[in-house]
Amino acid sequence: MNILLYAPILTGHPQVYCRVIGDILVEAGHSVLIAAASDAETVWRDWTDFAPFADVNAVSFVDTRTFSAMHEAHLSAEELIHLQKRYQVDSTLFIEGDWFREQFLRIDAGDAPRLHGRNVAICSRVNRWYPREDERGGKTLPIFGPTVRQTLGRCKRAVFNYKDSDRYFYETVLCRKGVVNALVVKDERITEKYGPPIYWMPEIYRVFDDVCKNEKKEDWQQLAEPIREYIQKAGAENVLLYFGTGTNYKGYDYFLKLAELDSSTFALHAGAPERYEPRGMAFDTAMLRETLRQQGRLFETNAFVESQDLVKLLFNSIERFVSTHRLTLSSGTMLQALEAGKPVLAPRTGLVGWRTEKYQLGETYRYLDEQDLARAWKLFRQKPAKLYEDQIRKYMERFSRGAVRLFFLEQLCS
């Protein structure tokens, strides 16, 4: 079969999804076409996850801008159909189905033709449809407004602008009217309520092998031994790991604040330095870093960690993992910690909190409450990490490469 992975923007998880799913499809004997706003030369130069595809004849890339009348990354329904037919595509996977929302609505309205072949859409922004939660904090979105006027306005929009709602888009357009053959979600609570054509996917939070090992030896050589020494000095049970760039949505400030509040905690930041974001931090991160550095309780790589060996060292060396995320949707770093068999401390809200409590993967704390976080962290360290071992192992079987392989082959090749 000829299978199209449509990912106009590759930054972030789309490149990891394309790499892992592409590997699986080629392994099963299929041809893979990755459509992105990038020419082949740029792909090989800038997207290191794709390096193993360089000599694989079954994988090819097409620049979406060459199919766009406006030379844009995102295609219209008509332009995508042209691409599908040009390359005789049997199945198409929308890596970010929400990016194609406007075009799906056009198809539903009869303003654009239906897509060619089988079409499967991964949608990540479904939380406001179900279970009606805010992605920041997991609070249930209110039906009624704080005033009578606002409540009446919401009711009016629900009646007269129903086709603009998330519920209409996901339930009616994508599912009931069959604009796509399958709607794929990462929140298992949705598939507990809804059946096919809605399916839960095992989230892909990393590649399953280290690519470009020769290029990634440098960060291992520079950082592995200093990290080992730091953890040995601190004691694995006292190490608080933050993995990734210092950002607001990952709760970088709460990570530093927790370390400051607990003098027995040693902070380890593996990732690029803090970046500017419109949403500011709750605490003065510069002052917190300086305080922790003076006390010898902060280790920073100050760069993105590429080597999978180094990633494994980081997660295997700690005893427990704390998620300080403001976004309470599925967390890749939380899954990486669980893969290493480490129990987690997560906000008591949203999908991360629900998973932690339902599957007994660790403990929870009150969202964005640094005092409760510090209290919970202290109690968490008093419990044996082995207490959660069996539950974690059983839960993480759902995210194995075998589970990912079975899911996507069934969805795209059946």
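The rules behind the values
- Residues numbered from 1 in each chain as written.
- Predicted model: local features only at pLDDT ≥ 70, side-chain atom pairs only at ≥ 80, totals over all residues.
- Heavy atoms only, no water.
- Helix = DSSP H or I, 4+ residues; strand = E, 2+ residues; numbered from the N terminus.
- Rg over C-alpha atoms; globule rule 2.2 N^0.38 Å.
- Buried < 20%, exposed > 50% of the residue type's maximum accessible area, 1.4 Å probe, protein only.
- Contact = heavy atoms within 4.5 Å.
- Areas by Shrake-Rupley, 256 points an atom, 1.4 Å probe, with all protein chains shown as cover.
- Core = buried A, V, L, I, M, F, W, Y, C linked by side-chain atoms within 4.5 Å.
- pLDDT = per-residue confidence, 0-100.
- Pairing = 2+ DSSP bridges.
- Axes fitted to C-alpha atoms, helices over the stretch in contact; angles between N-to-C directions.
- Salt bridge = Lys/Arg side-chain N within 4 Å of Asp/Glu carboxyl O.
- Arc of directions from axis to C-beta.
- Right-handed = clockwise from strand over helix to strand, strands pointing away.

## Some thoughts on the overall build of the protein chain
Working step 1: A count of helices and strands for the protein chain gives 16 helices and 13 strands.
Working step 2: For 414 residues, the compact-globule estimate of 2.2 N^0.38 gives 22 Å, and the protein chain sits close to it at 23 Å.
Working step 3: C-alpha atoms of the protein chain, sized along the principal axes, occupy 65 × 65 × 40 Å.
Working step 4: Across the 414 residues of the protein chain, 53% fall into the buried class.
Working step 5: A fraction of 73% describes how many contacts in the protein chain between residues 6 or more apart in sequence connect residues 24 or more apart.
Working step 6: Entry remark: accessible area of the protein chain is about 19200 Å², with carbon and sulfur atoms responsible for 49%.

## Quick word on the nonpolar core
Working step 1: Membership of the largest hydrophobic core comes to 57 residues, with the highest contact counts inside it found for I227, L268, L314, L338, L345 and M396.
Working step 2: Excluding residues within four positions of it along the chain, L338 makes contact with V344, L361, I392 and M396.
Working step 3: Core analysis: the second largest hydrophobic core is formed by 35 residues, I3, A36, W47 and F408 among them.

## A closer look at the confidence of the model for the protein chain
Working step 1: Averaged over every residue, the pLDDT of the protein chain is 92; residues scoring 70 or more account for 93%.
Working step 2: Contacts from residues 148-154, a stretch scored under 50 in pLDDT, to residues over four places away or in other chains number 8 contacts.

## With respect to the sheet that holds strand β9 (residues 266-270)
Working step 1: Ordered in space as β8-β9-β10, the 3 strands form an open sheet in which the pairing is parallel. Lying at the two open borders of the sheet, with one neighbouring strand each, are β8 (239-243) and β10 (298-300). Between one strand axis and the next, the sheet turns through 15 degrees on average, direction left out of account.
Working step 2: Relative to β9, β8 runs parallel, the two being bridged by 5 bridges. Of the residues in β9, the one forming a bridge with V239 is F266.

## Here we look at the sheet that holds strand β12 (residues 344-347)
Working step 1: The strand order across the open sheet built from 3 strands is β11-β12-β13, with neighbouring strands paired in parallel fashion. Strands at the two margins of the open sheet, each flanked by one partner only, are β11 (321-322) and β13 (362-365).
Working step 2: The sheet contact formed by β11 and β12 spans 2 bridges and is parallel. Following the sheet pairing, V322 is matched in β12 by L345.
Working step 3: Seen against the sheet, helix α14 (residues 370-382) touches β11, β12 and β13 and runs at an angle of roughly 160 degrees to β13.

## Some remarks on the pattern of salt bridges
Working step 1: One pass over the full model with this rule turns up 30 salt bridges.
Working step 2: A salt bridge links D253 to R326, with the shortest nitrogen-to-oxygen separation between them at 2.8 Å. Of the two residues, D253 sits in helix α9 (residues 252-261) while R326 sits in the loop between β11 and α12 (332-339), which places them 73 residues apart along the sequence. As far as the burial class goes, D253 and R326 line up, both buried.
Working step 3: Here R366 and D372 are joined by a salt bridge, their closest N and O atoms 3.6 Å apart.
Working step 4: In this structure D372 comes out as buried when scored by relative accessible area, which is 4%.
Working step 5: The structure contains a network of salt bridges with shared partners spanning R348, R366, D369, D372 and R375.

## Side note on helix α4 (residues 101-109)
Working step 1: Those residues of α4 lying buried are R101, Q103, F104, I107 and D108. The arc that holds every buried residue of α4, seen down its axis, measures 165 degrees, which confines them to one face. In this structure, α4 carries E102 and A109 as exposed residues pointing more than 90 degrees from its buried face.
Working step 2: Of the surrounding secondary structure, the elements contacted by the buried residues of α4 are α3 (77-86), β4 (91-94), β5 (118-122) and α6 (166-176).
Working step 3: Once α4 ends, the next one or two residues include G110, with phi positive near 85 degrees.

## Considerations on the environment of A28
Working step 1: Here A28 shows up in the loop between α1 (13-27) and β2 (31-36).
Working step 2: Once the C-alpha coordinates of A28 and L409 are considered, the two residues, 381 residues apart in sequence, prove to be 8.3 Å apart.
Working step 3: A28 has contacts with R405 and L409, leaving out every residue within four places of it along the chain.

## Things to note about the pairing of β8
Working step 1: Taking burial as the measure, the 5 residues of β8 include 5 buried ones, the bulk of the element.
Working step 2: Residue alternation in β8 divides its side chains into two sets, V239, L241 and F243 and L240 and Y242, and both sets are buried.
Working step 3: Each parallel crossover has a hand, and the one from β8 via α9 to β9 is right-handed.

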